[in-house]
Amino acid sequence: GMVTPETIYDCENGRFRVADVTIKDVHASQELSTADILKDSSNIGMTKIGLDLGAKTYWEYLRRLGFGQKLGLPLPGQNTGILRSAGAWTKVDLAAASFGQGFSVTLPQLAQAYLCLINDGIMRPLRLVLRPERDPAPEVRVFKRDVARTVRAILGQVVEGGTGTRARI
């Protein structure tokens, strides 16, 4: 609820300082909407959104998506990835995390996060199914339905006309 797809951010013509670090965009832009920030992969736009959101709130969303913890799948070599506590983040750490740097996730964690968006913001634990269960795990709402649908639509624009056109199906 903090931003809408139409919320405008000044992307500083491709260069923005956070503390002693300069954040850069590949394509210099002035003002971009949130939708265009995602579509065009603007590090500066994502940094500004992250700074508005704050480290604690952003970190809590990452945890609710399963980042920084084991998922409980019966797979060998499973690990938690790397997600330091929000209290340890500097302003630069928050900026980097906002555009996907400064923490690491496993492939199953990433799959589970996308599953949450696909399920209209409801978290269903990722699982391997040999036989369908009659009593599935409880669902947990992470995002509002309209937020999940909006993010999915914007992510579709990334491959249709944004920075991910080579991944278009």
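Since the structure is predicted, the reported quantities are computational estimates derived from the model, not experimental observations. (Residues numbered from 1 in each chain as written. Predicted model: local features only at pLDDT ≥ 70, side-chain atom pairs only at ≥ 80, totals over all residues. Heavy atoms only, no water.)

Engineer: Just give me the short version of the overall build of the protein chain, but keep the residues and values in it.
Structural biologist: Summing up its helical and strand segments, the protein chain has 6 helices and 6 strands in all. Its C-alpha atoms give the protein chain a radius of gyration of 17 Å, near enough to 15 Å, the size a compact globule of 169 residues would have. Along the longest, intermediate and shortest principal axes, the C-alpha atoms of the protein chain span 55 × 35 × 30 Å. In the protein chain, which comprises 169 residues, the share counted as buried stands at 35%. For the protein chain, the proportion of contacts with a sequence separation of at least 24, taken over those separated by at least 6, is 58%. Accessible surface for the protein chain amounts to roughly 10,400 Å². Of this, 54% is attributable to carbon and sulfur atoms. The distance from the centre of the 22 positive side-chain charges to the centre of the 17 negative ones in the protein chain is 7 Å. (Helix = DSSP H or I, 4+ residues; strand = E, 2+ residues; numbered from the N terminus. Rg over C-alpha atoms; globule rule 2.2 N^0.38 Å. Buried < 20%, exposed > 50% of the residue type's maximum accessible area, 1.4 Å probe, protein only. Contact = heavy atoms within 4.5 Å. Areas by Shrake-Rupley, 256 points an atom, 1.4 Å probe, with all protein chains shown as cover. Lys, Arg positive; Asp, Glu negative; His and termini not counted. Charge placed at Lys NZ, Arg CZ, Asp CG, Glu CD.)

Engineer: Run through the packing of helix H5 (residues 107-118) against helix H6 (residues 145-161), naming residues and quoting values.
Structural biologist: As a packed pair, H5 and H6 sit with axes 8 Å apart at the nearest point and diverge in direction by 115°. Relative to H6, the element H5 lies roughly perpendicular. Counting all contacts with H5, which are made through Tyr114, Leu117 and Ile118, the residues of H6 involved are Ala148, Val151, Arg152 and Leu155. For the contact of H5 with H6, the per-class residue count stands at 6 nonpolar, no polar and 1 charged. (Axes fitted to C-alpha atoms, helices over the stretch in contact; angles between N-to-C directions. Parallel < 35°, antiparallel > 145°, perpendicular 65-115°, else oblique. Nonpolar A, V, L, I, M, F, W, Y, C, P; charged D, E, K, R; others polar.)

Engineer: Tell me about the pattern of salt bridges, and please be specific about residues and values.
Structural biologist: Counting across every chain of the model gives 8 salt bridges. With its nearest N and O atoms 3.7 Å apart, the salt bridge here joins arginine 145 to aspartate 120. Taken together, the residues span a long stretch of sequence, with arginine 145 in helix H6 and aspartate 120 in the loop between H5 and strand S5 (122-123) at a distance of 25 residues. By relative accessible area, arginine 145 is classed as partly exposed at 43%. Under the relative-accessibility criterion, aspartate 120 is labelled buried at 14%. Shared partners join several salt bridges into a network, and the residues in it are Asp120, Arg145, Arg149 and Arg152. (Salt bridge = Lys/Arg side-chain N within 4 Å of Asp/Glu carboxyl O.)

Engineer: So what's going on with the environment of glycine 50? Residues and values would help.
Structural biologist: Secondary-structure assignment places glycine 50 in helix H2 (residues 43-53). Judged by relative accessible area, glycine 50 falls into the buried class, the value being 6%. Sequence-wise, glycine 50 and threonine 4 are 46 residues apart; in three dimensions their C-alpha atoms are separated by 14 Å. Beyond its immediate stretch of four places on either side in the chain, glycine 50 contacts Leu94 and Ser98.

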